[in-house]
Amino acid sequence: MAWTREQMAARAAQQIRDGFYVNLGIGIPTLVANALPPGMTVSFQSENGMLGIGPFPYEGEEDPDLINAGKQTVTEVPDTSYFSSADSFAMIRGGHMDLSILGSMQVSEEGDIANWMVPGKMVKGMGGAMDLVAGAKEVIVLMEHVEKSGAPKLVTRCTLPLTGTHVTDFVITDLAVFEFTKRGGTLVLKELAPGVTLDEIKAKTEAKFEVGLA
Amino acid sequence: MAWTREQMAARAAQQIRDGFYVNLGIGIPTLVANALPPGMTVSFQSENGMLGIGPFPYEGEEDPDLINAGKQTVTEVPDTSYFSSADSFAMIRGGHMDLSILGSMQVSEEGDIANWMVPGKMVKGMGGAMDLVAGAKEVIVLMEHVEKSGAPKLVTRCTLPLTGTHVTDFVITDLAVFEFTKRGGTLVLKELAPGVTLDEIKAKTEAKFEVGLA
Amino acid sequence: MRHKVYPDAKSALEGIVSDGMTIMAGGFGLCGIAENLIAAIRDLGPKHLTVVSNNCGVDDFGLGILLANGQIKKMISSYVGENKLFEQLYLAGDLELEFNPQGTLAERIRAGGAGIAGFYTKTGYGTIIAEGKPTREFNGQHYVLETGLVADLSIIKAWKADKEGNLVYRKTARNFNPMMATAGKITVVEVEELVEVGELDPENIHTPGIYVDRIVVEVGAEKRIEKVTTRKREEVK
Amino acid sequence: MRHKVYPDAKSALEGIVSDGMTIMAGGFGLCGIAENLIAAIRDLGPKHLTVVSNNCGVDDFGLGILLANGQIKKMISSYVGENKLFEQLYLAGDLELEFNPQGTLAERIRAGGAGIAGFYTKTGYGTIIAEGKPTREFNGQHYVLETGLVADLSIIKAWKADKEGNLVYRKTARNFNPMMATAGKITVVEVEELVEVGELDPENIHTPGIYVDRIVVEVGAEKRIEKVTTRKREEVK
């Protein structure tokens, strides 16, 4: 039985350690903030210039000057700081974010990520994704295991234009959890969703991987 | 009769236009601030991170956290802002200072400046001088016309290590005022101190110059 | 006193906009955009503009109104997905588009304002963004050379200005505005409040007045929110 | 709550200083230097240090005390003229010295903290500073390639910190401190006042807490003034 989006987010939350500074991409990664165990101190960064992001505002208290990178209204927390986009990406590019969690269309067996462009379709742009995958100390990809068409998203080589090369550390899909031994290293299957078999993963995964189930 | 240091500073002050943002080097340039005609709005920048520098503090009101680039205690003015050294030199390097006034050991006929290093002597360092001459929109050099030894300081080619090449716009000495037609252009004699003759300037100047006295 | 304050957006821009110019426009999405200045550019009507801005507004708001008015020739942006008109113009070949990774865009603008002609970043190495750009190895890692960006005009949104042009921004409306203020040959700022010199804290001025040429006080700004997301009072943790 | 606050300078530095390490030390002259942390480095005694700092203190104060204690192997600075000991050690060949133009030094440190491996500046082109460094032409102008700088440890002086490490600096004591806070693998800050989280204004935090690993409250700092310059009350204009 495949994991739900919330379960995927909860699994990603397990990778977060106390004290981490984390950037969450839009989509499923957004759910990770709600899945943190109580008592942990984690600061979320938003690349439009904010460190320390609180929950959505109460109805009627939205502030047009206070949004996250997904352009959603958010709130402050006690240790919030604001800064410019240049300072924000200095923080990201300079390797100060402990973790970036983002979605992807494809991840290759070498850890390449393709998540911003489908040739032939209107391209919206990469936003901050290229900077995040190049800069964060650790990168976790959260994505469905296969396309709607059934095509694998964990591939030998990305067929879509790349966001970054050799940048993935961890992949969480609705069916399984994978870890790279190091950046650009070997992909290892670490966990299976309940009821999912190794054969199913093998059938639905194009990327070469080793099996390292606990 | 040669100009005094105060007269040299007053002559430099004439080059400052209303609204200018100016960086003053240490030594004679410091005197320029006191020589401004009343009613002019001029902001002085100090490369250690301050725009809008006031006069020295009253006795007993010195603040160790408030110094200029010459490490002298100073004060704020109403429009003062503080910033980091990186932001300060972004301002300088980015061409935002209207004017930099500094001393020099030599200026060449091509506008090269040498003001930081005498081989064989202990070198203290260039501080911000290289950034200032490379970045300011206009550079005025204030210096004695000749060395104590009598050697010319306006030279064909600088014999001392350079601070910058083709960077001088204006030279004010105790004997005369020179202007470059453009950066790296022709040096033109514009004014003589009272009682100073063209022959004296010719005798004391190694650099090739044209005569453009008013 | 320098005379930086103008009575309205149109008078502040008159004589300094022209066909074919490059304009930097602050803002992230619809947050921190200079609404009055954008409207004045529409009214003054310069064409064939190259606009540097992280996004391009929505169909009827923000930079979208310049797009709708046929004034924009080229966008340099990181993300432009929020308006259908953009897509139509682009697919019809009526709009040029240069994508920059958001951090690269921010840094290129900072570099332009800071006299840095180019810089090496890891961002985009091995992707189409790096195609045709010089690369270089530092300590065994690969970097791409990106160049500094400057503009003929920057239109900036700040919260408060004093009359010398010292600026403070509010919350995430800061975003690209501070760098763009440094990278415009002429920088015009739209503020919510104009204060006397001396009223702003010198320790906390986000943009020193040296970068600001002209100031207008914003009138009737909508400050539209792109995505209202809220929680119910019951959801308090 | 992260546990960043240490009882004193020595405990904050214990276990993280070692022979041969590179240390960035904030300050301009004697303004904005971390007096307690410098003293603790003297007491802990690491040798063969490379120190990145705009200046090197005076004979008996600031970084001068590490020089006097024979702990510094190399300085990377822009101006070092204020101590005789420096001159003696340098002329005797007991001290290496790398001069950087002040703006290049500041930018190299910012670049190091910002993941920029190198950048092109006009500063120093055609001088001995550019010797051996790649140059490049942009728009017909010549630029020198300078590289980003990082350190094993940065010692920073701030005015106030909250317990999460958000910092504010005071007046020109800011200088090199903000960039160095970003460029240290470990950053330790000495502050005059420690406040609770939430007491600092989020709009005006000069260094976000993410850059700060350890905090100590300064005790008994001298805050010496290098050049007292005053005017008499009669001189009021």
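Data block above holds the structure.
Values in this document were obtained by computation on a predicted structure and should not be read as measured data.

Novice: Can you lay out the sheet that holds strand β9 (residues 154–155) of chain A for me, pointing to particular residues and giving the numbers?
Specialist: Residues and elements named next belong to chain A. Overall, mixed pairing links the 3 strands, which are arranged β7-β6-β9 in an open sheet. On the outer flanks of this sheet lie β7 (113–114) and β9, each paired with one strand and no other. As defined by bridge partners, strand β6 (residues 106–108) adjoins β9 across 2 bridges and the pair is classed as parallel. Opposite Ser108, over in β9, you have Val155 as the bridge partner.

Novice: I'd like a description of helix α2 (residues 35–44) of chain C, backed by residues and values.
Specialist: Every buried residue of α2 of chain C is listed here: Glu35, Asn36, Leu37, Ile38, Ala40 and Ile41 of chain C. Following α2 of chain C by one or two positions, Gly45 of chain C has its phi on the positive side, about 80°.

Novice: Describe the environment of Ala10 of chain B, naming the residues involved and giving the relevant values.
Specialist: All names here are of chain B. Relative to the elements of secondary structure, Ala10 occurs in helix α1 (residues 5–13). Exposure remark for Ala10: the relative accessible area of 30% places this residue in the partly exposed category. Expressed as a C-alpha distance, the spacing of Ala10 and Val171, which sit 161 residues apart in the sequence, is 13 Å.

Novice: Any details on the pairing of strand β1 (residues 21–24) of chain A? Residues and values, ideally.
Specialist: Residue and element names in this part refer to chain A. Residues of β1 alternate between two faces, with Tyr21 and Asn23 on one and Val22 and Leu24 on the opposite face, all of them buried. Examined bridge by bridge, β1 and strand β5 (residues 99–103) share 3 bridges and lie parallel to one another. Within β5, the residue paired with Asn23 across the bridge is Ser100.

Novice: Give a detailed account of the interface of chain A and chain D, specifying residues and quantitative values.
Specialist: Contacts between the two partners involve 22 residues from chain A, matched on the other side by 20 residues from chain D. Taking both sides of the interface into account, the surface hidden between chain A and chain D amounts to around 1,600 Å²; carbon and sulfur atoms contribute 53%. Linking chain A with chain D are 0 salt bridges, by the criterion used here. Counting across the chain A and chain D interface gives 10 residue pairs in polar contact (both at pLDDT 80 or more). Taken together, the residues that form the side of chain A that touches chain D break down as 11 nonpolar, 7 polar and 4 charged.

Novice: Run through the pairing of strand β2 (residues 43–46) of chain A, naming residues and quoting values.
Specialist: Across a regular strand the side chains alternate sides, sitting on one face of the sheet and then on the other. All names here are of chain A. Residues Ser43 and Gln45 line one face of β2 and the alternating positions Phe44 and Ser46 line the opposite face, and both faces are buried. Summarising the sheet, β2 and strand β3 (residues 50–53) pair through 2 bridges and their orientation is antiparallel. Pairing of Ser46 across the sheet is with Met50, part of β3.

Novice: Describe in detail the interface of chain C and chain A, supporting the description with residues and values.
Specialist: Contacts between the two partners involve 52 residues from chain C, matched on the other side by 47 residues from chain A. Of the roughly 4,400 Å² buried between chain C and chain A, counting both surfaces, carbon and sulfur atoms make up 60%. Summed over the three residues of chain C that lose the most area to chain A, namely Lys171, Thr172 and Arg231 of chain C, the buried surface amounts to 16% of that side. Where chain C packs against chain A, one counts 6 salt bridges. For Arg93 of chain A, the salt bridge goes to Glu107 of chain C, with nearest N and O atoms at 3.9 Å. Here chain C is connected to chain A by 24 residue pairs in polar contact (both at pLDDT 80 or more). Residue assignment for the side of chain C that touches chain A shows that the elements contributing at least two residues are α4 (84–91), α5 (102–114) and α6 (177–183) of chain C. Ranked by the residues each element gives to the side of chain C that touches chain A, the list is headed by α5 of chain C, at 6 residues. Its residues assigned to classes, the side of chain C that touches chain A comprises 19 nonpolar, 17 polar and 16 charged.

Novice: Lay out the packing of helix α2 (residues 85–93) of chain B against α5 of chain C in plain terms, naming residues and giving numbers.
Specialist: Orientation of α2 of chain B relative to α5 of chain C, taken along the N-to-C sense of each, is 65°, at an axis distance of 7 Å. Residues Ala86, Ala90 and Arg93 of chain B of α2 of chain B pack against Arg110, Gly113 and Ala114 of chain C of α5 of chain C.

Novice: Lay out unusual backbone geometry with the relevant residues and their values.
Specialist: Positive phi outside glycine occurs at Lys71 of chain A, with the angle close to 70°. Its location among the elements puts Lys71 of chain A in the loop between β3 and β4 (76–82). Judged by relative accessible area, which is 3%, Lys71 of chain A ranks as buried. With a phi close to 55°, His48 of chain D is a non-glycine residue in the positive phi region. Along the chain, the position of His48 of chain D falls in the loop between α2 (35–44) and β2 (49–52).

Novice: Describe in detail the pattern of salt bridges, supporting the description with residues and values.
Specialist: Counting across every chain of the model gives 46 salt bridges over all chains. Lys171 of chain C serves as the salt-bridge partner of Glu76 of chain A, at 2.6 Å between the closest nitrogen and oxygen. Placement of the pair is Glu76 of chain A in strand β4 and Lys171 of chain C in the loop between β9 (167–168) and α6, with the two residues belonging to separate chains. Glu76 of chain A gets classed as partly exposed once you look at its relative accessible area, which sits at 31%. Residues Arg42 of chain C and Asp43 of chain C are paired through a salt bridge, measuring 3.1 Å at the closest nitrogen-oxygen approach. Residue Arg42 of chain C is classed as partly exposed on the basis of its relative accessible area, which comes to 34%. When salt bridges with common partners are traced through the structure, they connect Asp63 and Asp65 of chain A together with Lys157, Arg170, Glu192, Glu218 and Lys223 of chain C into a single cluster.

Basis of the calculations
Residues numbered from 1 in each chain as written. Chains lettered and ligands numbered in written order. Predicted model: local features only at pLDDT ≥ 70, side-chain atom pairs only at ≥ 80, totals over all residues. Heavy atoms only, no water. Pairing = 2+ DSSP bridges. Helix = DSSP H or I, 4+ residues; strand = E, 2+ residues; numbered from the N terminus. Buried < 20%, exposed > 50% of the residue type's maximum accessible area, 1.4 Å probe, protein only. Contact = heavy atoms within 4.5 Å. Buried area = accessible area lost by both parts, 1.4 Å probe. Salt bridge = Lys/Arg side-chain N within 4 Å of Asp/Glu carboxyl O. Polar contact = N/O pair within 3.5 Å; in protein donor to acceptor, adjacent residues only side chain to side chain. Nonpolar A, V, L, I, M, F, W, Y, C, P; charged D, E, K, R; others polar. Axes fitted to C-alpha atoms, helices over the stretch in contact; angles between N-to-C directions.

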